[in-house]
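Structural overview for review
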Amino acid sequence: GHVASLFPGAPEIDTALAAGDDATCQVMSAPDEPAGRITQRVASLLDSRWIALCFTGHDKRAVFARALDDGPARDLPVRAVLHNASTPVQAYWSP
């Protein structure tokens with residue numbers, strides 16, 4: 001359920017998902033990796049004309065299906081992209 005290094009359960013996830021300040025990037029803790037990552041905050045990602053979401057494999061297809069259902073974005077951050085009202089999202093999947 002992660003997208004653009006926005007990981008569920010990361011201590012910084014609420015800040016990265018929040019709207020309302022001018023910061024475009026966020027340091028994120030990656031699970032099982034000692035080094036942090038830098039990613040765009042969701043508000044910055046959604047400041048696009050459209051978003052292409054590409055993923056492979058049956059496991060990720062199952063996560064995508066769960067993400068289409070309602071639920072908190074902090075549990076599946078890709079929901080913040082899929083359920084936005086302003087930026088079109090096109091999903092591309094390959095087995």
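Above this text is the structure in question.
Every chain is numbered on its own, with residues counted from 1 as its sequence reads. Only residues with pLDDT of 70 or above have their local features reported here, since the model is predicted, and side-chain atom pairs are shown and tallied only from 80 upward, although totals for entire chains, interfaces and linings are computed over all residues. With hydrogens and water excluded, all non-hydrogen atoms of the structure serve as input to the side-chain values.

Where helices and strands are cited, they refer to DSSP runs of H or I of at least four residues and of E of at least two residues respectively, numbered from the N terminus. A count of helical and extended segments in the protein chain gives 4 helices and 4 strands. When the helices and strands of the protein chain are read in sequence order from the N terminus, they spell out α-β-β-α-β-α-α-β. Put simply, the radius of gyration uses C-alpha atoms, and a globule should come to 2.2 Å times the residue count raised to 0.38. Compactness check: the protein chain gives a C-alpha radius of gyration of 13 Å against a globular reference of 12 Å for 95 residues, within 12% of the reference. Projected onto the principal axes, the alpha-carbon positions of the protein chain cover approximately 35 × 35 × 20 Å.

Now for the packing of aromatic side chains. Pairs were defined over the aromatic rings of Phe, Tyr and Trp, the Trp ring being its six-membered one, requiring ring centres within 6.5 Å. Orientation was assigned from the angle between planes: stacked under 30 degrees, edge-to-face over 60, tilted for the rest. On inspection of all chains with the given rule, the structure shows 1 aromatic pair. Positioned above the aromatic ring of Trp93, the side-chain terminus of Arg61 is 5.7 Å from the ring centre. Only lysine NZ and arginine CZ atoms are considered, and such an atom sits over a ring when it is within 6 Å of the ring centre and within 35 degrees of the ring normal.

Okay, the pattern of salt bridges next. Salt bridges are identified by distance alone: a Lys or Arg side-chain nitrogen within 4 Å of an Asp or Glu carboxyl oxygen. A full pass over the atoms with the stated rule returns 1 salt bridge. A salt bridge links Asp14 to Arg74; its shortest N-O distance comes to 2.9 Å. On the criterion of sequence distance, the pair formed by Asp14 in helix H1 (residues 13–17) and Arg74 in the loop between helix H3 (58–68) and helix H4 (78–82) is long-range, its members being 60 residues apart.

Time to look at the environment of Leu76. Residue placement: Leu76 occurs in the loop between H3 and H4. Expressed as a C-alpha distance, the spacing of Leu76 and His2, which sit 74 residues apart in the sequence, is 6.2 Å. Apart from residues no more than four positions distant in its own chain, Leu76 is found in contact with Gly1, Val63, Arg66 and Ala67. Any two residues whose heavy atoms approach within 4.5 Å at even a single point are treated as in contact.

Here we come to the nonpolar core. To define a nonpolar core, start from buried Ala, Val, Leu, Ile, Met, Phe, Trp, Tyr and Cys residues and group those joined through side-chain atoms within 4.5 Å. Note on classification: 1.4 Å probe, protein chains only; a residue is buried when its accessible area is under 20% of the maximum for its type, exposed when over 50%, partly exposed between these limits. Judged by nonpolar contacts, the single largest core of 21 residues is most densely connected at Val3, Leu6, Met28, Leu53, Val78 and Leu82. Contributions of two or more residues to this core are made by H1, helix H2 (42–45), strand E3 (51–56), H3 and H4. Of the residues forming this core, the biggest block, 4 residues, is contributed by H4.

Below, the discussion takes up the side chain of Glu12. Tracing the sequence through the fold places Glu12 in the segment before H1. Under the convention used here, Asp and Glu are negative, Lys and Arg are positive, and both His and the chain ends fall outside the count. For the buried Glu12, which has no salt bridge, the nearest side chain bearing the opposite charge is Arg74, at an N-O separation of 9.6 Å. Excluding anything up to four places from it in sequence, Glu12 contacts Gln26, Val27, Met28 and Ser29.

It is the rolling of a water-molecule-sized probe over the atoms that shows where space remains empty. In this structure, the largest pocket spans a volume of roughly 270 Å³. Elements represented by at least two residues in the lining of the largest pocket include exactly E3 and H3. Tallying contributions element by element places E3 first for the lining of the largest pocket, with 4 residues. The residue classification treats Ala, Val, Leu, Ile, Met, Phe, Trp, Tyr, Cys and Pro as nonpolar and Asp, Glu, Lys and Arg as charged. All others, Gly included, are polar. For the lining of the largest pocket, a count of residues per class yields 7 nonpolar, 3 polar and 1 charged. Here a cavity denotes grid points, spaced 1 Å and computed from the protein atoms alone, that fit a 1.4 Å probe unable to get out, and a pocket denotes an open set having protein on both sides within 12 Å along at least 5 of 7 lines; residues with an atom within 4 Å of a point are the lining. Grid points are joined across faces, edges and corners, and a volume is the space filled by probe spheres set on the points.

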